[in-house]
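Listed below, chain by chain, are the residues.
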Number of protein chains: 2
Amino acid sequence: MALSFKQEAERQMEQIERGVVEIIPREELLRKLEKSIKEKKPLRIKLGLDPTAPDIHLGHTVVLNKLRQFQDLGHEVHLIIGDFTGRIGDPSGKSETRKQLSEDEIMINARTYQEQIYKVLDREKTIMHFNSEWLGRMTFIDVLQLAGKYTVARMMERDDFEKRFKEGLPIGVHELMYPLMQGYDSVALEADVEMGGTDQKFNLLVGRHLLREYGLEPQVALMMPILEGTDGIQKMSKSLGNYIGVSEEPYEMFGKTMSINDRLICRYFELLTRVPMPEIEEMRTKMEKREMNPRDAKMRLAIEIISTFH
Amino acid sequence: MALSFKQEAERQMEQIERGVVEIIPREELLRKLEKSIKEKKPLRIKLGLDPTAPDIHLGHTVVLNKLRQFQDLGHEVHLIIGDFTGRIGDPSGKSETRKQLSEDEIMINARTYQEQIYKVLDREKTIMHFNSEWLGRMTFIDVLQLAGKYTVARMMERDDFEKRFKEGLPIGVHELMYPLMQGYDSVALEADVEMGGTDQKFNLLVGRHLLREYGLEPQVALMMPILEGTDGIQKMSKSLGNYIGVSEEPYEMFGKTMSINDRLICRYFELLTRVPMPEIEEMRTKMEKREMNPRDAKMRLAIEIISTFH
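Residues numbered from 1 in each chain as written. Chains lettered and ligands numbered in written order. Predicted model: local features only at pLDDT ≥ 70, side-chain atom pairs only at ≥ 80, totals over all residues. Heavy atoms only, no water.

Thoughts on the relation of the copies chain A and chain B
Overlaying chain A with chain B gives an RMSD of 0.0 Å, the required rotation being 180 degrees about an axis along which the chain moves by 0.0 Å. On the angle and the small slide along the axis, the relation comes out as a two-fold axis. Of every C-alpha in chain A, the one belonging to T139(A) sits nearest the axis of rotation, 2.6 Å from it. A shared binding surface is used by both copies, with 100% of the interface residues of chain A retained as interface residues in chain B. (Least-squares fit on C-alpha atoms with pLDDT ≥ 70 in both. Contact = heavy atoms within 4.5 Å.)

A short note on the domain arrangement of chain A
All names here are of chain A. Parsing chain A into structural domains produces domain 1 (5–224) and domain 2 (250–309). Contacts between the two partners involve 11 residues from domain 1 and, on the opposite side, 13 residues from domain 2. Across the interface of domain 1 and domain 2, roughly 1,000 Å² is buried in total on both sides, 57% from carbon and sulfur atoms. Viewed at the interface, domain 2 and domain 1 are joined by one salt bridge. Between the two partners, domain 1 and domain 2, sit seven residue pairs in polar contact (both at pLDDT 80 or more). A total of six residues in the side of domain 1 that touches domain 2 trace back to one element, the largest contributor, which is helix α3 (residues 58–72). (Domains from an automatic or database assignment. Buried area = accessible area lost by both parts, 1.4 Å probe. Salt bridge = Lys/Arg side-chain N within 4 Å of Asp/Glu carboxyl O. Polar contact = N/O pair within 3.5 Å; in protein donor to acceptor, adjacent residues only side chain to side chain. Helix = DSSP H or I, 4+ residues; strand = E, 2+ residues; numbered from the N terminus.)

Focus: the interface of chain A and chain B
Taken residue by residue, the interface counts 28 residues in chain A and 28 residues in chain B. Buried surface at the junction of chain A and chain B, both sides included, amounts to about 2,500 Å², of which 85% is carbon and sulfur. In this assembly, chain A and chain B are joined by zero salt bridges. Run the count over chain A and chain B and you get six residue pairs in polar contact (both at pLDDT 80 or more). For the side of chain A that touches chain B, the elements supplying multiple residues, two or more each, are α6 (140–147), α7 (152–155) and α9 (177–189) of chain A. A total of five residues in the side of chain A that touches chain B trace back to one element, the largest contributor, which is α6(A). The class makeup of the residues in the side of chain A that touches chain B is 22 nonpolar, five polar and one charged. (Nonpolar A, V, L, I, M, F, W, Y, C, P; charged D, E, K, R; others polar.)

Observations concerning the pairing of strand β2 (residues 44–49) of chain B
Residue and element names in this part refer to chain B. Note: β2 against strand β3 (residues 76–81), six bridges, orientation parallel. Its bridge partner being in β3, G48 is matched across the sheet by I80. Two elements, β2 and strand β5 (residues 193–197), share two bridges in a ladder whose sense is parallel. Along β5, the bridge assignment pairs I45 with V193. (Pairing = 2+ DSSP bridges.)

Looking at the sheet that holds strand β1 (residues 22–24) of chain B
All names here are of chain B. Reading across the sheet, the six strands line up as β1-β6-β5-β2-β3-β4 and stay open at both edges, with mixed pairing between neighbours. The sheet terminates laterally at β1 and β4 (126–130), the two strands that pair on one side only. Taken over all neighbouring pairs, the strand axes of this sheet differ in orientation by 25 degrees on average, direction set aside. With five bridges joining them, β5 and strand β6 (residues 220–224) adopt parallel strand pairing. Directly across from M195, in β6, lies its bridge partner L222. The sheet strands contacting helix α3 (residues 58–72) are β2, β3, β4, β5 and β6, and the helix crosses β5 at an angle near 155 degrees. Contacting β2, β3 and β4, helix α4 (residues 103–117) crosses the sheet at an angle of about 175 degrees to β4. (Axes fitted to C-alpha atoms, helices over the stretch in contact; angles between N-to-C directions.)

Brief notes about α9(A)
Residues and elements named next belong to chain A. Along its 13 residues, α9 runs 18 Å from first to last C-alpha, staying within 8% of the 18 Å computed at 1.5 Å per residue. By the criterion of burial, α9 is predominantly enclosed, with 12 of the 13 residues buried. All buried positions along α9 are accounted for by M177, Y178, P179, L180, M181, Q182, G183, Y184, D185, S186, V187 and L189. Just beyond α9, the residue with positive phi is E190, at close to 55 degrees. (Expected span 1.5 Å × (residues − 1). Buried < 20%, exposed > 50% of the residue type's maximum accessible area, 1.4 Å probe, protein only.)

Here you go:
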């Protein structure tokens with residue numbers, strides 16, 4: 001019997017690892033999966049959303065698709081709308097202190113997120129939270145206790161902080177609280193896994209550290225790649241104009257998908273569709289051997305993408 | 001009439017400047033004094049006390065004597081017992097993260113302070129506060145707003161932080177909050193002047209900055225010297241054993257005062273007694289000319305000190 005739990009955990013792991021960049025630590029996730037199967041208790045998979053980008057594009061869905069996979073494997077997804085953290089803004093990867101959002105702006109953005117997100121996620125297996133639920137109740141003493149669990153030096157190791165510090169660009173003292181707040185969300189939720197793009201690695205590991213500091217089982221950090229835009233060079237981003245928005249009309253999605261660089265076809269299949277990996281590998285081989293016209297693969301890709309959102 | 005306000009302000013300034021190391025900025029204090037005299041409104045002079053050292057020695061009274069002078073000039077002294085800040089401890093000048101105090105320890109220390117402090121201060125013109133009054137009511141949002149008013153880089157300029165950072169010694173993120181909390185005390189009080197030893201310069205200037213940030217008239221920072229101990233070499237400190245405690249018996253005070261290095265006599269007179277400066281200068285001259293035996297000057301000093309505390 002014990003062996004079959006393990007086998008089932010390994011089967012789940014194989015699916016979970018599709019497209020993933022890094023799992024820290026992999027063995028711990030395997031143990032969590034096995035325990036979850038044995039005790040018939042779904043894992044709590046966390047994703048934090050900073051409500052600053054109401055227009056979701058395919059780049060954002062890479063992580064959402066992975067969450068959907070967890071749901072299909074029987075696990076529970078917890079989305080944290082950072083209504084509280086949004087008031088300071090996540091400085092991750094930004095070279096400047098981000099403008100603080102008003103409560104109204106945050107609520108509008110959160111609603112837009114909700115509308116768009118259930119095109120990918122299973123609403124039944126998704127639990128939404130606003131982190132003001134717990135962060136809004138914290139006193140100054142609670143904040144000091146939280147802040148005392150991390151050192152300035154370790155915080156300054158975060159790429160963007162380090163860069164700004166070296167360049168003499170201002171970092172508000174409040175910004176050091178952001179990773180701690182995101183980490184505390186994991187404590188409040190008792191998350192088993194936190195997911196994010198590779199740019200979130202630092203924050204996810206802070207969460208892992210904090211769970212341990214608060215005497216809880218540490219979360220596993222699971223990083224997905226940052227999706228390249230339709231140009232195949234830079235990351236997909238609204239401001240670079242190389243994006244496909246999830247609310248775009250089918251004909252727009254079709255046109256944009258058909259325009260992508262051929263190198264991206266299999267990567268988009270892997271990260272944006274549920275087409276099984278062996279089929280994708282088969283297409284890759286056929287295209288390499290010129291037995292398949294990339295145009296046909298793109299057409300299938302476009303249809304897969306469109307059917308997800310329309 | 002305007003001239004006489006100014007003259008009176010200058011007369012006060014002359015007394016205030018006795019023994020002072022630095023006033024930032026001097027002209028602003030002069031203007032505040034003039035306004036205070038004109039409007040018959042006492043200045044609010046602030047001193048923060050971190051309740052970690054219940055046994056006050058003469059080193060601590062240098063600042064207390066200056067406060068007493070302000071009181072004698074008609075001003076109001078506000079003592080802030082850092083019951084709230086004491087829970088994290090002031091890392092100023094310390095090479096390590098200081099142990100957090102329990103609420104019980106803080107209350108015992110605060111009571112001891114009160115007993116000892118009124119030997120120098122005029123109880124009628126002293127207002128005591130516990131900074132938990134305002135800091136204890138702050139929410140996480142309030143804390144973030146406060147933290148947002150200062151940058152990490154400027155905070156790391158503080159000598160001890162810079163040193164610890166360079167040496168790879170840990171600085172808790174919560175410790176960056178300490179100068180901001182002390183500064184916020186000034187905001188809550190609307191302090192006109194904050195006093196401290198030269199080791200407090202950074203914190204006093206943070207307070208000045210915060211008052212301005214909160215739309216209030218900035219406080220003036222007034223720094224007193226750190227008193228040398230009876231050995232005349234290192235600063236007076238209990239752990240170095242070169243101190244005279246304010247609760248010591250008269251015969252002990254006498255013996256210790258008689259044992260001080262001759263170089264210290266006039267400095268102790270200036271900083272620890274109310275003997276007028278011209279008299280002190282006269283003694284200095286006489287001793288230099290060997291017209292006065294230092295032993296006699298010390299005897300007078302001992303009597304002055306003993307009569308303050310007994």
